[in-house]
Amino acid sequence: MTISFEEITKETLFIAHEIVNSNSQYNVLENGRGDRTLTEIEIEFLNEDTLSVFIKLDDTYIGIIDFMEKNPKDHYPWLGLLMIHSNYQGYGFGFQSYLLYEEWMVQQGLEHVRLGVLESNERAQTFWESLGFRSFKTVAGQHNKEIICYEKRICEVS
């Protein structure tokens, strides 16, 4: 079985909607409700600021990665979301998907990756820390939620 990425398009947005809404616990943490509208998904994943891709296991859509190659605020790449459909969680696909993403970033010549995790999302904190991410600050996010900012050096400077 092979993990690959495919860009999210207007035609495949309904698949992203299904993946996001399969994660109601995350949606409650993030937005205070268990589901998101198709319009919200379109705004989040079809914009000029981020690149949004499906995570595919062979021909099956199992997740989403959304990221900025260069955040205008700090000039670092930021991983905004790595989400696996609830039916496919617990099999290591998130870990495998992140490693493929990291390899992709290294090929782009990037040296670091940053991401933010809701302070209340202990499961995500444990996941990212297990992959070598270290927190470097906490900031106030949307809806007065604290966000822990993490960073990982993905490639040594030659």
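For the structure, see preceding data.
For the rest of this paragraph, the subject is the nonpolar core. Judged by nonpolar contacts, the single largest core of 25 residues is most densely connected at Ile 65, Leu 79, Tyr 98, Tyr 101, Trp 128 and Phe 133. Listing elements by their share of this core, those giving two or more residues are β2 (51-57), β3 (60-68), β4 (78-84), α4 (93-107), β5 (112-118), α5 (122-130) and β7 (146-153). Aside from chain neighbours lying at most four places away, what touches Trp 128 is Leu 79, Leu 82, Tyr 98, Leu 115, Val 117 and Phe 133. Counting residues in hydrophobic clusters, the runner-up holds 12 residues, among them Ile 15, Val 20, Phe 45 and Phe 54.

Right, let's get into the packing of aromatic side chains. In this description, a pair of aromatic rings is defined by centroid distance and the angle of the planes. For the structure on display, the rule yields 10 aromatic pairs. Between the aromatic rings of Tyr 98 and Trp 128, the centroid separation amounts to 5.5 Å while the plane-to-plane angle is 85 degrees, which identifies the pairing as edge-to-face. With Tyr 98 in helix α4 and Trp 128 in helix α5, this residue pair connects regions lying 30 residues apart in the sequence. Note on Tyr 98: relative accessible area 0%, which makes it buried. Aromatic pair Phe 127 and Trp 128: ring centres 4.8 Å apart, planes at 75 degrees, arrangement edge-to-face. Judged by relative accessible area, Trp 128 falls into the buried class, the value being 7%.

On to the environment of Gly 92. Note on placement: Gly 92 falls in the loop between β4 and α4. The partly exposed category is assigned to Gly 92, whose relative accessible area is 33%. C-alpha of Gly 92 to C-alpha of Glu 102: the two residues are 10 residues apart in sequence and 16 Å apart in space.

The subject of this paragraph is the sheet that holds strand β1 (residues 3-7). Pairing is mixed across the open sheet formed by 7 strands, whose spatial order is β1-β2-β3-β4-β5-β7-β6. For this open sheet the edge positions go to β1 and β6 (134-140), each flanked by a neighbour on one side alone. The average undirected angle you get between the axes of adjacent strands in this sheet is 30 degrees. Where β1 lies against β2, 5 bridges are found, and the strand directions are antiparallel. Bridge assignment links Glu 6 to a residue of β2, and that residue is Phe 54.

What counts, and where the lines are drawn
Position numbers for residues count from 1 along each chain, tracking the sequence in the order it is written. For this predicted model, a pLDDT threshold of at least 70 governs which residues receive local features, and a threshold of 80 or more governs which side-chain atom pairs are given and counted, while totals over whole chains, interfaces and linings are taken from all residues. Side-chain numbers come from the whole structure's heavy atoms, not from hydrogens or water. The criterion is simple. A nonpolar core is a set of buried Ala, Val, Leu, Ile, Met, Phe, Trp, Tyr and Cys residues joined through side-chain atoms within 4.5 Å. Any residue under 20% of the maximum accessible area for its type is buried, any over 50% is exposed, and the rest in between are partly exposed; the area is computed with a 1.4 Å probe on protein chains only. The way it works is that DSSP assigns letters per residue, a run of H or I at least four long becomes a helix, a run of E at least two long becomes a strand, and they are numbered from the N terminus. Should any heavy atoms of two residues lie within 4.5 Å, those residues are counted as being in contact. Here is the rule: rings of Phe, Tyr and Trp (six-membered ring for Trp) pair when centre to centre is within 6.5 Å. Planes less than 30 degrees apart are stacked, more than 60 are edge-to-face, and the remainder are tilted. Strand pairing is defined by DSSP finding a minimum of two bridges between the two strands. Structural elements are reduced to axes, namely lines fitted to C-alpha atoms, with helices fitted over the stretch in contact, and the angle between N-to-C directions of any two is expressed from 0 to 180 degrees.

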